[in-house]
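Structural overview
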Amino acid sequence: MLLFKSLLKELISTPSISCTNKKLDLSNKPVIDLLATAFEEMGFHCDISPVNGEEGKFNLIATLGTGPGGLVLAGHTDTVPYDLNRWQHDPFKLTEQDNRFYGLGTCDMKGFFALVLEAVKPFIGKPLKQPIIVLATADEETTMSGARALAEAGKPKGRYALVGEPTGMRPVHMHKGIMLERLQITGKSGHSSNPALGLNAMEGMHEAMGELLKLRGELQQRYQNPGFSVPVPTINLGCIHGGDNPNRICGQCMLEYDVRMMPGMEAEAVRQEMRQRIAPLIESRGMQFDLYPVSESVEAFHSDINGELVQTCARLTGYDPESVAFATEAPFINQLCGETVVLGPGDIDQAHQPDEYLSLDRIDPMISLLRELMKRFCLE
Ligand SMILES: [Zn+2]
């Protein structure tokens with residue numbers, strides 16, 4: 001157990017917060033270096049690559065063995081920011097108490113890398129038929145730029161991939177995708193006493209919103225999957241800003257909404273359909289509109305429920321493959337590997353929370369599971 005604990009301690013005491021607020025955003029290089037050193041000592045070949053356009057952000061590919069195929073064990077190196085006033089423990093000090101390891105990232109998801117390092121020990125010096133590949137990414141919590149860069153570069157290629165996000169040891173084979181969108185309508189302001197003096201953007205928005213809700217109903221007819229607790233795609237109208245005064249024609253109106261996509265939907269296609277539906281309504285009023293993503297979309301993730309990896313994980317854990325409500329890097333990693341499962345030792349309830357922890361009773365089962373997978377997919 002010593003290897004696991006000493007690496008976890010170092011990882012937790014090395015901050016790697018990623019945040020859209022640049023003041024809080026940190027480089028993940030120190031964590032990447034720690035992991036590279038630890039896996040190099042175990043005989044892995046380490047490849048550290050900068051993420052294009054993201055200063056101070058790096059990905060690590062650590063490989064044991066050679067050849068095509070192999071098992072990719074993937075995770076992200078960054079954590080969310082923390083609210084110090086609400087922590088009872090030091091977020092940057094690994095604290096063992098109440099049969100738990102407390103610390104920022106213990107559950108989501110630095111703990112996973114420490115478990116992988118421990119799990120790999122018996123395989124050192126063994127003749128591997130397929131490589132064991134540890135993948136550590138940057139900025140999962142914000143833009144997923146690390147995983148996007150790897151998917152674009154087409155590496156690492158693997159036959160199977162496990163993403164160790166907190167699923168409470170349950171195998172997850174699908175999740176929805178997310179789009180965060182902004183609709184901007186530009187009309188013309190004027191004195192409210194005469195509607196002919198302007199073009200009311202708020203009235204245009206009213207029509208556009210009606211159309212979006214109509215489209216939502218149609219999408220919910222088109223895409224249904226009982227494997228999700230909310231078995232249809234959703235659109236949430238989240239915030240709206242427009243106009244300035246009761247006696248002025250509203251010249252500008254902006255709406256932000258999210259779309260939770262089902263497997264089979266693609267962000268750009270959904271956006272195009274929305275544009276096509278909104279365009280005639282706005283243009284017939286002589287107004288203009290712009291519809292664009294607020295941040296880069298994450299596509300839905302789906303891996304065959306009957307696939308060998310998914311089924312092996314189901315057998316080893318005793319849980320049927322299921323879906324989750326949160327998004328992960330799995331859709332990007334699934335572009336590189338034949339089959340992907342999301343399965344990790346933490347619980348999502350503890351992720352992004354004060355006093356984040358990993359239960360000690362998850363450690364041995366996760367190590368055993370990883371060893372079984374390595375044995376089956378890399379050794380035999
Ligand atoms: Zn995570």
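Here the structure is a predicted model, which is why all the values come from computation and not from measurement.

With that out of the way, let us pick up the packing of helix 3 (residues 110–120) against helix 9 (residues 363–379). At a closest axis distance of 9 Å, the pairing of helix 3 and helix 9 adopts a crossing angle of 55°. Overall, the two elements helix 3 and helix 9 adopt an arrangement that is oblique. Note that helix 3 runs across helix 9; the crossing there is right-handed. On helix 9, the residues that touch Phe112, Leu115, Val116, Glu118, Ala119 and Val120 of helix 3 are Ile363, Met366, Ile367, Leu370, Arg371 and Met374. Residue composition of the contact of helix 3 with helix 9, grouped by class: 10 nonpolar, no polar and two charged.

This brings us to the packing of helix 2 (residues 29–41) against helix 3. The interhelical angle for the contact between helix 2 and helix 3, taken along N-to-C directions, is 10°, at an axis separation of 11 Å. As the angle between them shows, helix 2 and helix 3 are arranged roughly parallel. Across the interface between the two elements, Val31, Leu35, Ala38 and Phe39 from helix 2 touch Lys110, Phe113, Val116 and Leu117 from helix 3. The residue inventory of the contact of helix 2 with helix 3, partitioned by class, reads seven nonpolar, no polar and one charged.

Moving on, we get to the pairing of strand 8 (residues 172–175). As a general feature of sheets, a regular strand has side chains that alternate between the two faces. Here three bridges tie strand 8 to strand 14 (residues 322–324), and the two strands are oriented parallel to one another. The partner of Val172 across the bridge, within strand 14, is Glu322. With two bridges joining them, strand 8 and strand 13 (residues 301–302) adopt antiparallel strand pairing. Pairing of His175 across the sheet is with Phe301, part of strand 13.

The subject of this paragraph is the domain arrangement of the protein chain. For the protein chain, the assigned domains read domain 1 (2–175 + 300–379) and domain 2 (177–298). The C-alpha centroid of domain 2 is placed 37 Å from the C-alpha centroid of domain 1. Tallying the contact residues gives 14 residues for domain 1 and 12 residues for domain 2. Carbon and sulfur atoms supply 64% of the area buried between domain 1 and domain 2, which totals about 890 Å² over both sides. Looking at the side of domain 1 facing domain 2, the largest losses of area belong to Arg148, Met174 and Ala300, adding up to 52% of the total buried there. Viewed at the interface, domain 2 and domain 1 are joined by one salt bridge. Seen at the junction of domain 1 and domain 2, the total is three residue pairs in polar contact (both at pLDDT 80 or more). Among the elements of the structure, strand 8, strand 13, strand 14 and helix 8 (330–333) are those that each provide at least two residues to the side of domain 1 that touches domain 2.

Reading the values: rules and limits
- Residues numbered from 1 in each chain as written.
- Predicted model: local features only at pLDDT ≥ 70, side-chain atom pairs only at ≥ 80, totals over all residues.
- Heavy atoms only, no water.
- Axes fitted to C-alpha atoms, helices over the stretch in contact; angles between N-to-C directions.
- Helix = DSSP H or I, 4+ residues; strand = E, 2+ residues; numbered from the N terminus.
- Parallel < 35°, antiparallel > 145°, perpendicular 65-115°, else oblique.
- Left-handed = near helix turned anticlockwise from the far one by under 90°.
- Contact = heavy atoms within 4.5 Å.
- Nonpolar A, V, L, I, M, F, W, Y, C, P; charged D, E, K, R; others polar.
- Pairing = 2+ DSSP bridges.
- Domains from an automatic or database assignment.
- Buried area = accessible area lost by both parts, 1.4 Å probe.
- Salt bridge = Lys/Arg side-chain N within 4 Å of Asp/Glu carboxyl O.
- Polar contact = N/O pair within 3.5 Å; in protein donor to acceptor, adjacent residues only side chain to side chain.

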